[in-house]
Amino acid sequence: MKKENRSYEIEPARRLAEISEYYFSRKLKEVATMNAEGMDIISLAIGSPDMPPSRETIDVLCEEAHRPTTHGYMPTAGIPELRKAMADWYKRWYDVDLDPDTEIQPLIGSKEGILHATLAFVDPGDRVLIPNPGYPTYTAVNRLLGSDIVYYDLLENNRWQPDFDALEKMDLRKAKLMWTNYPHMPTGGNASLELYTKLVDFARRHRLVVVNDNPYSFILNRKPISILNVPGAKDCCIEFNSMSKSHNMPGWRVAMLASNARFVQWILKVKSNIDNGTFKPVQLAAAQAYRNSRAWHEEANYNVYDRRRKWAEQIMTSLGCTFDPAQTGMFLWGRIPDAYADAEALTEKILHEARVFVTPGFVFGSNGKRYIRISLCAKEERIREALKRIQTSIKQ
């Protein structure tokens with residue numbers, strides 16, 4: 001009997017129509033192709049630290065991984081040693097008291113925490129306030145989950161901080177979460193206790209939860225602060241903190257959130273239905289990393305990036321871009337010259353003529369369309385070479 005060949009089409013879930021492939025995922029494929037063709041592209045685009053964790057951290061990982069008893073499933077809530085180390089770290093650096101048993105939840109990176117917190121607090125159709133510009137994952141997760149996204153503007157003339165007068169005029173009915181991120185990515189705008197106090201007051205009055213994403217507070221910043229420094233913040237705020245940037249551990253996928261016990265329990269309820277926790281040697285090594293000395297942080301999070309930043313500033317100046325020298329974090333954010341139609345016109349020119357990959361600001365929202373972002377996560381000699389290539393390209 002002859003079989004009839006019929007096309008068999010499977011349709012993806014409708015939610016996929018709401019998002020596109022992550023910009024860096026798509027663009028890095030192009031860069032990989034260019035490198036395969038021998039072009040030697042210098043990437044100053046991704047915020048992935050290129051330095052290792054402390055030696056003690058790696059030693060603990062290796063030692064614990066050799067133990068035959070450390071390879072089983074782990075509790076989603078995290079092991080006590082890690083939770084205590086996280087609480088001690090918050091006290092040591094931010095002077096914030098946290099109960100390690102009830103007010104901390106380890107995460108497999110902040111990115112998963114964004115999903116879990118949204119699932120725990122937001123129903124389809126609820127409103128979520130997201131900064132523009134801001135981390136694209138805030139938008140992507142909420143589009144996937146059917147949230148009603150409300151962007152709030154961050155502008156250079158307001159030091160990339162929320163305009164509270166404009167926020168008060170918004171329709172905040174059904175608003176559940178407000179995402180904030182300081183020191184801000186991508187702009188490097190820093191927070192103050194005054195700003196955090198305003199955010200806590202705003203959250204209380206409008207009965208919403210502020211989620212402050214705080215992975216950059218150690219980079220080029222000798223006075224890290226937390227939104228939890230504000231009295232009463234724990235009642236209406238959640239703070240994320242990641243080891244990816246501050247401890248040179250992006251591939252380890254260790255982060256945390258801190259809040260009141262009830263909020264933590266709600267998020268754990270979601271998370272426990274999705275994963276089983278992190279490999280125990282990674283958790284023990286992370287606990288060791290939280291004990292890194294002040295000298296280690298001064299060198300890894302300040303001195304190295306300070307040297308790199310000076311070269312990045314020269315790149316910005318060579319391109320005719322302007323920037324705020326007070327910005328912090330592991331990126332340099334600059335406004336492009338008026339001669340370019342938009343940021344991508346400049347970044348594509350740099351990529352194809354100078355073989356240097358930097359990020360166009362539109363990736364982070366419409367308020368970033370006339371800005372570019374340079375990552376400091378490259379060796380100093382590579383940033384110097386990028387400057388040389390760009391200066392040569394400009395002269396041609």
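Our subject is the structure that appears above.
Quantities reported herein were computed from a predicted structural model and do not represent experimental measurements.

Draft legend 1. Examining the packing of aromatic side chains more closely. Taken as a whole, this structure holds 19 aromatic pairs when the rule is applied. Ring centres 5.7 Å apart and planes at 75° place the aromatic pair Trp 89 and Tyr 90 in the edge-to-face group. Note on Trp 89: relative accessible area 2%, which makes it buried. Note on Tyr 90: relative accessible area 0%, which makes it buried. Ring plane angle 80° and centroid distance 5.4 Å describe the contact between Trp 160 and Tyr 371, whose orientation is recorded as edge-to-face. Here Tyr 371 lies in strand S13 (residues 371-375) and Trp 160 lies in the loop between strand S4 (148-153) and helix H6 (164-168), a separation of 211 residues in the sequence. Here a set of aromatic residues connected by ring pairs shows up, and it is made of Trp 89, Tyr 90, Trp 93, Tyr 94, Phe 218 and Tyr 290. Over the face of the ring belonging to Phe 331 we find Arg 373, whose NZ or CZ atom lies 3.7 Å from the ring centre.

Draft legend 2. Layout of helix H2 (residues 55-65). When H2 is considered as a whole, its buried residues turn out to be Thr 57, Val 60 and Glu 64. Relative to the axis of H2, the buried residues are bounded by an arc of 65° and lie together on one face.

Draft legend 3. Inspection of the side chain of Asn 142 at higher detail. Within the element layout of this structure, Asn 142 appears in helix H5 (residues 136-145). Side-chain polar atoms of Asn 142 contact the side chain of Ser 147, separated by 2.8 Å. Asn 142 has contacts with Thr 118, Val 128, Ile 130, Ser 147, Ile 149 and Trp 179, leaving out every residue within four places of it along the chain.

Draft legend 4. Highlighting unusual backbone geometry. Note that the residue after Tyr 182, namely Pro 183, is joined by a cis bond; omega there is -10°. Residue position: Pro 183 is located in the loop between strand S5 (175-181) and helix H7 (193-206). Pro 186 follows Met 185 through a cis peptide bond whose omega is 20°. Tracing the backbone shows Pro 186 in the loop between S5 and H7. Residues other than glycine seldom take positive phi values, yet Asp 95 does so here, at roughly 55°. Its location among the elements puts Asp 95 in the loop between helix H3 (80-94) and strand S2 (104-107). Among the residues examined, Asp 95 registers a relative accessible area of 54% and is labelled exposed. For Arg 253, which is not glycine, the phi dihedral falls at a positive 60°.

Draft legend 5. Region of the structure containing the packing of helix H4 (residues 110-121) against helix H9 (residues 261-271). The contact between H4 and H9 brings their axes to 9 Å, and the two run at 105°. Relative to H9, H4 is oriented roughly perpendicular. Between H4, through Glu 112, His 116, Ala 117, Leu 119, Ala 120 and Phe 121, and H9, the contact on the second element is made entirely by Phe 263, Trp 266, Ile 267, Val 270 and Lys 271. In terms of residue class, the contact of H4 with H9 is built from 8 nonpolar, 1 polar and 2 charged.

Draft legend 6. Here's a closer look at the environment of Ala 343. Mapped onto the fold, Ala 343 is located in helix H12 (residues 343-354). For Ala 343, a relative accessible area of 1% puts it in the buried group. Separated by 307 residues in sequence, Ala 343 and Ala 36 place their C-alpha atoms 26 Å apart. The residues contacting Ala 343, other than those within four sequence positions of it, are Ile 336, Pro 360, Gly 361, Lys 369, Tyr 371 and Ile 372.

Draft legend 7. Focus on the environment of Leu 154. Tracing the backbone shows Leu 154 in the loop between S4 and H6. With 147 residues separating them in the primary sequence, Leu 154 and Asn 301 have C-alpha atoms 26 Å apart. Setting aside residues no more than four positions away along its own chain, Leu 154 makes contact with Pro 131, Asn 132, Pro 133, Trp 160, Gln 161, Pro 162, Tyr 182, His 184 and Asn 367.

Draft legend 8. Representation of the packing of H12 against helix H13 (residues 380-395). In the contact formed by H12 and H13, the axes pass within 10 Å of each other and the chain directions differ by 95°. Of the possible angle classes, the one that applies to H12 and H13 is roughly perpendicular. Contacts between H12 and H13 involve Ile 350, Glu 353 and Ala 354 from the former and Arg 389, Ile 390 and Ser 393 from the latter. Partitioning the contact of H12 with H13 into residue classes produces 3 nonpolar, 1 polar and 2 charged.

Draft legend 9. Spatial organisation of the pairing of strand S3 (residues 127-132). With respect to burial, S3 is a largely interior element, 6 of its 6 residues being buried. As judged from the 6 bridges shared by S3 and S4, these two strands associate in the parallel manner. Following the sheet pairing, Asn 132 is matched in S4 by Asp 153. Between S3 and its parallel partner S4, the chain crosses via H5, and the hand of that crossover is right-handed. Alignment of S3 against S5, held across 3 bridges, turns out to be parallel. Along S5, the bridge assignment pairs Val 128 with Leu 177.

About the thresholds
Residues numbered from 1 in each chain as written. Predicted model: local features only at pLDDT ≥ 70, side-chain atom pairs only at ≥ 80, totals over all residues. Heavy atoms only, no water. Phe/Tyr/Trp six-rings, centres within 6.5 Å; stacked < 30°, edge-to-face > 60°. Buried < 20%, exposed > 50% of the residue type's maximum accessible area, 1.4 Å probe, protein only. Helix = DSSP H or I, 4+ residues; strand = E, 2+ residues; numbered from the N terminus. Lys NZ or Arg CZ within 6 Å of the ring centre and 35° of its normal. Arc of directions from axis to C-beta. Polar contact = N/O pair within 3.5 Å; in protein donor to acceptor, adjacent residues only side chain to side chain. Contact = heavy atoms within 4.5 Å. Axes fitted to C-alpha atoms, helices over the stretch in contact; angles between N-to-C directions. Parallel < 35°, antiparallel > 145°, perpendicular 65-115°, else oblique. Nonpolar A, V, L, I, M, F, W, Y, C, P; charged D, E, K, R; others polar. Pairing = 2+ DSSP bridges. Right-handed = clockwise from strand over helix to strand, strands pointing away.

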